[in-house]
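Spelled out from the first residue to the last, the chains are:
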Amino acid sequence: MSYAVIKTGGKQYKVKSGEILKIEKLPDSKPETKIEFNEILAYGDDKNIEVGTPNIEGAKVEADLIKNSKNRTILIFKKRRRQNSRRKNGHRQQFSLIRINKIFSKDGKVLSEAEKIKPASKKEEVKEASSK
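The shown structure was predicted, so the numbers you read here are calculated from the model rather than taken from an experiment.

A. Expanded view of the sheet that holds strand 1 (residues 3-8). One open sheet holds the four strands; their spatial order is 2-1-5-6, and the pairing between them is antiparallel. Edge positions in the open sheet fall to strand 2 (11-16) and strand 6 (49-51), since each of these has one partner strand only. The sheet shows a mean angle of 15 degrees between the axes of neighbouring strands, taken without regard to direction.

Here is the structure:
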């Protein structure tokens, strides 16, 4: 199984084709669009690996943006004792949900490709529900 190490949003992720990832929100991105990651730090499989210095020129990873959203609320509460001083804040970090489609090597060859997602027909859904 081929994998790649990409850098986005100040973080590094080890990705495989077909995988769904939650990453930092990508600016100016709309759902259902293709995204290309060019900062590839390494790629390989079980037998061999190619490591960049720091990046591998020409290698890339293609992904589909599923949606942009926000995480659950994190409460920030600060209190100074005996001074009647307290402050309550909330924060919701934004993220992008992506699905990795293809991993390309530095010479443009496809290392791994995700399977196409087939939307389930209504007849198949009814059969699955009735069999349970």
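Having seen the model, we can carry on.
B. Representation of unusual backbone geometry within the structure. Residue threonine 53 is joined to proline 54 through a cis peptide bond whose omega torsion reads -10 degrees. Position of proline 54 relative to the elements: it lies in the loop between strand 6 and strand 7 (60-70). For glutamate 32, which is not glycine, the phi dihedral falls at a positive 70 degrees. Structurally, the position occupied by glutamate 32 is in the loop between strand 3 (20-24) and strand 4 (34-37). Owing to a relative accessible area of 72%, glutamate 32 belongs among the exposed residues under this scheme. For arginine 82, which is not a glycine, the phi torsion comes out positive at approximately 60 degrees. Mapped onto the elements, arginine 82 comes out in the loop between strand 8 (74-80) and strand 9 (85-91).

C. Summary view of the packing of aromatic side chains. Under the criterion given, the structure shown has zero aromatic pairs. The ring of tyrosine 3 has lysine 14 sitting right over it, with the charged end atom 4.4 Å from the ring centre. Over the ring of phenylalanine 95 we find lysine 22; its NZ or CZ atom is 4.5 Å from the centre of that ring.

D. Layout of the pattern of salt bridges. Across all of its chains, the model carries four salt bridges by this definition. Residue lysine 34 is joined to aspartate 64 by a salt bridge in which the shortest nitrogen-to-oxygen separation is 3.4 Å. Taken together, the residues lysine 34 in strand 4 and aspartate 64 in strand 7 connect sequence positions 30 residues apart. With relative accessibility at 25%, the residue aspartate 64 sits in the partly exposed group. A salt bridge links glutamate 50 to lysine 106; the shortest N-O distance between them is 2.7 Å. With glutamate 50 in strand 6 and lysine 106 in the loop between strand 10 (94-104) and strand 11 (110-113), the pair connects residues that are 56 residues apart, well separated along the chain. Judged by relative accessible area, which is 27%, glutamate 50 ranks as partly exposed.

E. Representation of the environment of lysine 67. Relative to the elements of secondary structure, lysine 67 occurs in strand 7. Residue class for lysine 67 comes out partly exposed when judged on its relative accessible area of 39%. Linking lysine 67 and lysine 30, residues 37 residues apart in sequence, is a C-alpha distance of 7.6 Å. For lysine 67, the residues in contact, after removing those within four places along its chain, are Pro31, Phe95, Ser96 and Leu97.

Calculation rules
- Residues numbered from 1 in each chain as written.
- Predicted model: local features only at pLDDT ≥ 70, side-chain atom pairs only at ≥ 80, totals over all residues.
- Heavy atoms only, no water.
- Pairing = 2+ DSSP bridges.
- Helix = DSSP H or I, 4+ residues; strand = E, 2+ residues; numbered from the N terminus.
- Axes fitted to C-alpha atoms, helices over the stretch in contact; angles between N-to-C directions.
- Buried < 20%, exposed > 50% of the residue type's maximum accessible area, 1.4 Å probe, protein only.
- Phe/Tyr/Trp six-rings, centres within 6.5 Å; stacked < 30°, edge-to-face > 60°.
- Lys NZ or Arg CZ within 6 Å of the ring centre and 35° of its normal.
- Salt bridge = Lys/Arg side-chain N within 4 Å of Asp/Glu carboxyl O.
- Contact = heavy atoms within 4.5 Å.

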